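An overview of the molecular structure
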Amino acid sequence: MKQILIATHGKMASGIRYTAELIVGKMPNITTIDAYVNPDDNIVEQFNDFFSRHEGERIIAFTDMMGGSVNQKLMEFAKKDNVTLITGTNLPVLLSVMLAKDDVTDEEIKGYIEESRNELKLAYEKPKEANDKSEKENASGEANKNDNQMETISYENSNAKIAALRVDDRLIHGQVAMTWTKHLKVNGIVVANDEAANDNTQKMALKMAVPAGIKVLIKPVDRAIQVLNDPRASKMRILVLTRNVKDALTVRKQIGEIEFLNIGNVGRFDGVDVSEKQLLSPTIMLTDDEVKYLRELAEIDPKTCMQQVPNDEKKLIKDVIGTLK
């Protein structure tokens, strides 16, 4: 098993570990050292203790700054053949290493570093003043209107094959972008959600969360189903995301084959009081209608499961559905 050491000035080390484990789940092979938090901290002794306990194991160490004293003190240990030292670290590269195989090579890590650089960007660049703002807004509104009014087509005998369908009330976020896309080896994401498809700000935010190299489409549910039934879609590995169980059921009824059907996070942000819901887990909260849709989904596809991140235990919905009213 590879060992990961995160050592930084202050409490960045424990903080970034906490954030990373929220996304990928708890991992036992991570050690954090928050340097200089207490005046009597001796980080050299802490480093010596860590490396003596893991002598000969594959070790990947992360620090915050190239010129910082923490990184300088780790440079001597980095000379060992079994140690790789990464400085100027960020969350995407840490997640990539956490999810990598135990014998990950330095060349592979260099690739993760290059990919993680693409995650550093200006989140929202103010648009330049349009020459005719009202005309552009009217044109955009008309396009959205036309997209929503497309003819609904039934695909009851669909031959489409999709890699995965996940119910996630945040749609594209850290768990999806950094964990599920890698675990499922997808090269495309289709968001099937009417609200997001008609909100340019939501679309922009969701697209920015997509990892480099993965194509994304954000469409109303009916339009997404048409896209997924295009023969070209079956040649890709696509992850479909819906915000609720009802939309997932609508998609599932009109797609021929879905390898992995997953209920991840649902019902936390819909405005319905928790006391009026049934809880399957801390992140799955269902209204009575959603329970009805979930039962039907499990009947159509018995392999439908509950799983927030790949490291979590997979529970089949058909095995837990009996606990619901």
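All residue numbers refer to positions counted from 1 along the written sequence of the respective chain. Note on the predicted model: pLDDT of at least 70 is required for a residue's local features to be given, and 80 or more for side-chain atom pairs to be given and counted; whole-chain, interface and lining totals, by contrast, use all residues. The side-chain quantities take in all heavy atoms of the structure and omit both hydrogens and water.

Here we come to the sheet that holds strand E4 (residues 83-86). The sheet built from four strands is open, its strands ordered E2-E1-E3-E4 with parallel pairing. One side of each edge strand has no neighbouring strand; the edge strands of this open sheet are strand E2 (30-35) and E4. If you compare each strand with its neighbour and ignore which way they point, the axes differ by 15 degrees on average. Note: strand E1 (residues 3-9) against strand E3 (residues 59-63), five bridges, orientation parallel. Counterpart to Leu5 in the pairing with E3 is Ala61. Any two strands with at least two DSSP-identified bridges between them are counted as paired. Counting from the N terminus, the helices are the DSSP runs of H or I reaching at least four residues and the strands are the DSSP runs of E reaching at least two. Orientation is described by axes fitted as lines to C-alpha atoms, over the contacting stretch for helices, and by angles from 0 to 180 degrees between their N-to-C directions.

Another aspect to go through is the pairing of strand E10 (residues 278-281). Relative to strand E11 (residues 284-286), E10 runs antiparallel, the two being bridged by three bridges. In the strand pairing of E11, Ser281 is matched with Ile284.

With that settled, the discussion passes to helix H10 (residues 221-228). For each residue, the accessible area found with a 1.4 Å probe, counting protein chains only, is set against the maximum for its type, and the residue is called buried under 20%, exposed over 50%, and partly exposed in between. Across the eight residues of H10, six count as buried, placing the element largely inside the fold. Every buried residue belonging to H10 is among Val221, Ala224, Ile225, Gln226, Val227 and Leu228, and all of these are buried. It only takes one pair of heavy atoms within 4.5 Å for two residues to be counted as in contact. In this structure, the buried residues of H10 make contact with strand E5 (161-168), strand E6 (188-192), helix H8 (194-197), strand E7 (215-219), strand E8 (238-242) and helix H11 (245-253).

Right, let's talk about the pairing of E4 for a bit. In this sheet, E4 lies alongside E3 in parallel orientation, the contact comprising four bridges. Residue pairing in the sheet places Phe62 in a bridge with Ile86 of E4. With helix H3 (residues 69-78) bridging E3 and the parallel E4, this β-α-β connection has right-handed handedness. Viewed with both strands pointing away, a crossover whose connecting path from the first strand over the helix to the second turns clockwise is right-handed.

Right, let's get into the side chain of Thr89. With respect to the helices, strands and loops of the structure, Thr89 is situated in the loop between E4 and helix H4 (91-99). Discounting chain neighbours no more than four positions away, the residues touching Thr89 are Met12, Phe62, Thr63 and Asp64.

Moving on, we come to the confidence of the model for the protein. On average, residues of the protein carry a pLDDT of 87, and 90% of them reach 70 or more. Confidence of the prediction at every residue is given by pLDDT, a number between 0 and 100. Ranking the elements of the protein by mean pLDDT puts helix H6 (residues 133-148) last, at 49, and E8 first, at 97. Throughout residues 145-150 the model reports pLDDT below 50, and contacts reaching past four residues in sequence, or to other chains, amount to seven contacts.

So, on to the sheet that holds E5. Read from one edge to the other, the open sheet built from seven strands follows the order E7-E6-E8-E5-E9-E12-E13, with strand pairing classed as mixed. Strands with a single pairing partner mark the edges of an open sheet, and in this sheet they are E7 and strand E13 (315-316). Strand direction decides the pairing type here: E5 and E8, joined by four bridges, are parallel. What sits directly across from Val167, in E8, is Thr242. Each of E5, E6, E8 and strand E9 (257-265) is contacted by helix H7 (residues 174-184), which is oriented at about 150 degrees to E5, the strand it contacts most.

Angle between the axes and distance between the axes: these two values describe a pair of packed helices. H11 packs onto H10 with a crossing angle of 35 degrees between their chain directions and a minimal axis gap of 10 Å. H10 and H11 meet at a crossing whose hand is right-handed. Residue-level inspection shows Val221, Ile225 and Leu228 of H10 in contact with H11, the latter providing Asp247, Thr250 and Val251. By convention, the crossing between two helices is left-handed when the near helix turns anticlockwise from the far helix through less than a right angle, and right-handed when the turn is clockwise.

With that settled, the discussion passes to the side chain of Gln307. Relative to the assigned elements, Gln307 resides in the loop between strand E12 (305-306) and E13. Here Gln307 falls in the buried class, since its relative accessible area comes to 8%. Here Asp312 takes part through its backbone oxygen, which lies 2.8 Å from a polar atom of the side chain of Gln307. Excluding its chain neighbours within four sequence positions, the residues that come into contact with Gln307 are Arg166, Trp180, Phe260, Asn262, Ile263, Gly264, Asp312, Glu313 and Lys314. Whenever two N or O atoms come within 3.5 Å, that pair is a polar contact, provided that in protein one can donate a hydrogen and the other can accept it, and provided that, for residues adjacent in sequence, both atoms are side-chain atoms.

Here the focus is the packing of aromatic side chains. Paired rings are identified among Phe, Tyr and Trp, the last through its six-membered ring, by centres lying within 6.5 Å, and are further divided according to the angle between planes into stacked (under 30 degrees), edge-to-face (over 60) and tilted (the rest). Scanning the entire structure with this criterion turns up four aromatic pairs. Between Phe51 and Phe77 the ring centres are 4.3 Å apart and the planes differ by 10 degrees, which places this aromatic pair in the stacked class. One end of the pair, Phe51, is in helix H2 (residues 43-53); the other, Phe77, is in helix H3, with 26 residues separating them in the sequence. The pair formed by Phe51 and Phe77 is uniform in burial state, with each residue classed as buried. Counting every residue linked through ring pairs, the aromatic cluster contains Phe47, Phe50, Phe51 and Phe77.

Moving on: helix H12 (residues 288-300). In this model, H12 (13 residues) spans 19 Å end to end at C-alpha, consistent with the 18 Å of a helix rising 1.5 Å per residue. For H12, the full list of buried residues reads Glu290, Val291, Tyr293, Leu294, Leu297 and Ala298. One side of H12 carries all its buried residues, which in axial view fall inside an arc of 160 degrees. Exposed residues pointing more than 90 degrees away from the buried face of H12 are listed as Asp288 and Glu299. Buried-residue contacts for H12 involve H11, E9, E10, E11 and helix H13 (317-320). Under the convention used throughout, the expected extent of a helix is 1.5 Å for every residue step, that is, one less than its residue count. The arc in question is the one spanned by the directions pointing from the helix axis to the C-beta atoms.

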